[in-house]
Amino acid sequence: MSASPRLGGLSPPAIQRVVLSAQALDRGQVDEAVRQLAPVLADHPSQPEVLRLHAGALSMRGRHQDAIEAMQRALAQRPDDALYYNTLGTILSAADYLDDAVAAMRHACELQPDLAMAWFNLGVMLTHCVRHEEAIDALQRAVRINPKHAEARALLSDMLRTQGRLAEASEQYRQILAERPAAGMAWWGLADIKTLRFDERDIERMRQALRTPGLGLDDLVPTGFALAKALDDHGRYAESLDVLAQSNALARQRQRWNASEFSAGVSAMLKAFSNPVAPAPDPALGSEILFIISLPRSGSTLVEQILASHSRVEGAGELSDLPLTLTGESQRRKVPFPLWAGQASSADWQRLGRRYLDRTARWRAARPMSIDKLPSNWMYIGAIRSMLPGARIIACRRDPLETCFSCYRQFLAGNDYARTFEDLAAFWHDFDRSVRFWRERAPGNLYEHSYERLVAEPEPAIRALLDFCRLPFEEACLNFHENRREVRSPSATQVRQPLRRDTAHTTRYGGLLDPLRKALGYPPFAG
């Protein structure tokens, strides 16, 4: 750590404001943090601790590039401060610069090996990169340093859940809650074991936890989502919906979604590829890759489980390698994607395609084909077709009302579009128009898979899916629930069960969901 004090050069009143700003950021109250920091920032625009907090607030408001630049100015003054690299890592991660984020967080751990929060954050980032063995090691380091680190212990329990070790995971979550009754991620971990049903005692414990004085958003929000799930389990749908609205509103305090700005970005993506782009010259490049794109909660994990039950296919899960490859090229060109797409040559696309294949080669060490199931890759269909013309793209569709409501009920990092019905509907429409755009232009590379058809006619739907992927039929794909592979998504529990026909959820809420129906352009509930 740098020898000089972090608050050097500040008066006592300024220090008090900085402390209050830091506490507000920890609670996720970005507006309050900015209010406290503003006069100090005006008087001391180059003070490193002021810059660090300013960078954190910018990041939480979605101004990622400004946040990175502010943090780099702070780091230039404190190059040996582990906390500063920890903050840089979280900012880079929020901006989806995951490779750089991991490097920054590793440096923080090297500078201060006993900094539990840095090891925990490193574990989180490695989890996002699907580097699970490294993530487990980092999380275990965090717990060894601080055995009471509930978030690290909860994430380690999540790892047990992805491996199908549900009883062990449940026991771990319960142990965490016995020590810290308001541990939000432990409550949500239990809720995310979809087959587990909360009892009335759990409901009361969650209500008590939510009344804990001084509880931050990191605990309030996941506990609220867990309580909503418990109320739903008991058929108390109006109460559940009220709790969901409150929890989503709290989450929205931390990060607001700009639906119009996002839609403009999707339009720019489609415009960039409206004119023909010269793809990689090898039409077979990427033929070993299957991309599954979707909104969350659309049955994409189920499709991956079916295909990964085939002897030729490895299910890699939600990989960040495609957006990271494009981000790396944007950094090299100093132009954001997709503005450089029209200038990229056929050789450029081939180079990027091979870079992606190199990044993901480990997933094809045992089987010749691999699945990339990152849902948001629907935004990059044009890049996929240009980089990897031989790849197959499966767009998973489920009833839009069911999909959007399921997203609204699911506590997921990064799904800030799911906090209001209006934002959700806008996001779904952006997905829909992107898939329709590419369906018209690349029908041979893109297959639209219907969740409802799969449930109604499993074997014909699975055979059609395998035909599109140029795979021979195997009985194991029908018996996908017997596959014991590690599943790294909220649907891990469901895909280890046979297909169910009772997964539709919205009719139970009846007219309570009419605001979502209206946002999607649907008529009111008809009974």
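Use the structure listed above.
What you see as residue numbers is a count from 1 along each chain, following the sequence as written. Given that the model is predicted, a residue must reach a pLDDT of at least 70 before its local features are reported, and side-chain atom pairs must reach 80 or more before they are shown or counted; all residues, however, enter totals for whole chains, interfaces and linings. By convention in this description, side-chain values take in all heavy atoms of the structure and omit both hydrogens and water.

Visitor: How should the nonpolar core be read in this particular structure?
Guide: When a protein is soluble and globular, its nonpolar side chains tend to lie buried together. We define a nonpolar core as any set of buried Ala, Val, Leu, Ile, Met, Phe, Trp, Tyr and Cys residues linked to one another through side-chain atoms lying within 4.5 Å. Each residue gets one of three labels from its accessible area relative to the maximum for its type: buried under 20%, exposed over 50%, partly exposed in between, using a 1.4 Å probe on protein chains only. With 88 residues, the main nonpolar core has Phe291, Phe337, Trp349 and Met387 as its most contacted residues. One finds Ala74, Ile91, Cys109 and Leu126 within the second-largest nonpolar core, a separate group that totals 43 residues.

Visitor: Would you take a moment to explain the pattern of salt bridges for this structure?
Guide: Any two side chains of opposite charge can pair if their charged atoms end up close together. The salt bridge definition used is simple: a Lys or Arg side-chain nitrogen within 4 Å of an Asp or Glu carboxyl oxygen. Going through the model one piece at a time under the given rule, you end up with 42 salt bridges. Taking the shortest distance from any N to any O, the salt bridge between Arg333 and Glu329 comes out at 2.8 Å. With Arg333 and Glu329 both in helix α17 (residues 321–333) and four residues apart, this pair spans about one turn of that helix. For Arg333, a relative accessible area of 22% puts it in the partly exposed group. Accessibility expressed as a relative area gives 0% for Glu329, which makes it buried. Salt bridges sharing partners connect three or more residues here, namely Glu329, Arg332, Arg333, Asp348 and Arg351. Only DSSP runs of H or I covering at least 4 residues are called helices, and only runs of E covering at least 2 are called strands; the numbering of each starts at the N terminus.

Visitor: Even after reading the chapter, I still don't get the packing of helix α14 (residues 237–254) against helix α20 (residues 400–409), so can you show me in this structure?
Guide: If you want to describe how two helices pack, look at the angle between their axes and the distance between the axes. At a minimum axis distance of 10 Å, the contact between α14 and α20 shows a crossing angle of 65°. Classed by the angle they form, the pair α14 and α20 counts as roughly perpendicular. Two secondary-structure elements touch here, α14 through Leu241, Leu244, Ala245 and Asn248 and α20 through Phe405, Tyr408 and Arg409. Helix axes are fitted to C-alpha atoms over the stretch in contact, other axes to C-alpha atoms as well, and angles between N-to-C directions run from 0 to 180 degrees. In these notes the angle categories are as follows: under 35 degrees is roughly parallel, over 145 is roughly antiparallel, 65 to 115 is roughly perpendicular, and the rest is oblique. Contact criterion: two residues are considered in contact whenever any of their non-hydrogen atoms come within 4.5 Å of each other.

Visitor: It is not clear to me how the packing of helix α3 (residues 48–60) against helix α4 (residues 64–77) should be interpreted in this structure. Could you clarify?
Guide: Between α3 and α4, the shortest axis-to-axis distance is 8 Å and the interhelical angle comes to 160°. The angle between the axes of α3 and α4 places the two elements in the roughly antiparallel class. In this structure, α3 crosses over α4, and the sense of that crossing is left-handed. Residues Pro48, Leu51, Arg52, His54, Ala55, Leu58 and Ser59 of α3 form the contact with α4, whose participating residues are His64, Asp66, Ala67, Ala70, Met71, Arg73, Ala74 and Gln77. Of the residues that constitute the contact of α3 with α4, the class distribution is eight nonpolar, four polar and three charged. Left-handed describes a crossing in which the near helix is turned anticlockwise from the far one by less than a right angle; the clockwise case is right-handed. Residue type decides the class: Asp, Glu, Lys and Arg count as charged, Ala, Val, Leu, Ile, Met, Phe, Trp, Tyr, Cys and Pro as nonpolar, and the leftover types, Gly among them, as polar.

Visitor: Would you mind going over the side chain of Asn86 with me for this structure?
Guide: On the secondary structure map, Asn86 appears in helix α5 (residues 82–94). Setting aside chain neighbours within four positions, we find Asn86 in contact with Met105, Ala108, Met117, Ala118 and Asn121.

Visitor: What should I look at first to understand unusual backbone geometry in this one?
Guide: Across the chain, the bulk of peptide bonds are trans and the bulk of non-glycine residues have phi less than zero. The linkage connecting Phe337 with the following residue, Pro338, adopts the cis geometry, with an omega of 15°. Positioned with a positive phi, Arg297 is a non-glycine residue whose angle comes to about 65°. Secondary-structure assignment places Arg297 in the loop between β1 (289–293) and α16 (300–308). Phi at Lys334 takes a positive value of approximately 60°, unusual for a residue other than glycine. Mapped onto the secondary structure, Lys334 falls in the loop between α17 and α18 (346–359).

Visitor: In this structure, what is going on with the sheet that holds β1? I would like to understand it.
Guide: Hydrogen bonds between backbone atoms are what pair the strands of a sheet, whose relative direction is either parallel or antiparallel. We treat two strands as partners when DSSP finds at least two bridges between them. Read across the open sheet, the five strands follow the order β2-β3-β1-β4-β5; overall the sheet is parallel. The outermost strands of the open sheet, each flanked by one partner alone, are β2 (313–315) and β5 (446–450). Strand-to-strand twist in this sheet, taken as the mean axis angle between neighbours without regard to direction, amounts to 25°. As paired elements, β2 and strand β3 (residues 369–372) share three bridges and run parallel to each other. Within β3, the position partnered with Gly315 by the bridge is Ile371.

Visitor: Looking at this structure, how should I read the packing of aromatic side chains?
Guide: What characterises a pair of aromatic rings is the spacing of the ring centres plus the angle enclosed by the ring planes. Stacked, edge-to-face and tilted are the three classes for Phe, Tyr and Trp ring pairs, Trp counted by its six-membered ring, which pair at centre distances within 6.5 Å; planes under 30 degrees apart are stacked, over 60 edge-to-face, the rest tilted. This model, assessed by the stated rule, comprises 24 aromatic pairs. Relative to Tyr509, the ring of Tyr237 lies with its centre 4.8 Å away and its plane at 50°, an arrangement referred to as tilted. Here the residue Tyr237 occupies a position in helix α14, and Tyr509 occupies one in the loop between α24 (475–478) and α25 (514–520), the gap between them amounting to 272 residues. A residue is classified by how much of its surface remains accessible, and Tyr237, at 21% relative accessible area, is partly exposed. In this structure Tyr509 comes out as buried when scored by relative accessible area, which is 2%. Both rings, one in Phe291 and one in Tyr356, keep their centres 5.6 Å apart while their planes meet at 40°; by these two values the pair is tilted. Taken together, the residues Phe291 in strand β1 and Tyr356 in helix α18 connect sequence positions 65 residues apart. The burial state of Phe291 is the same as that of Tyr356; both residues are buried. A connected cluster of aromatic rings, assembled from ring pairs, spans Phe273, Phe337, Trp340, Trp349, Tyr380, Phe437 and Trp438. In our convention, an over-ring charge means Lys NZ or Arg CZ found within 6 Å of a ring centre and within 35 degrees of that ring's normal. Over the aromatic face of Tyr84 sits the side chain of Arg78, whose NZ or CZ is 5.6 Å from the ring centroid.

Visitor: Can you walk me through the environment of Leu326 in this structure?
Guide: Mapped onto the fold, Leu326 is located in helix α17. Residue class for Leu326 comes out buried when judged on its relative accessible area of 3%. Here the alpha-carbon distance between Leu326 and Tyr356, two residues 30 residues apart in the chain, equals 9.3 Å. Ignoring sequence-local partners within four residues, the contact set of Leu326 consists of Phe337, Trp340, Tyr380, Ala383 and Met387.

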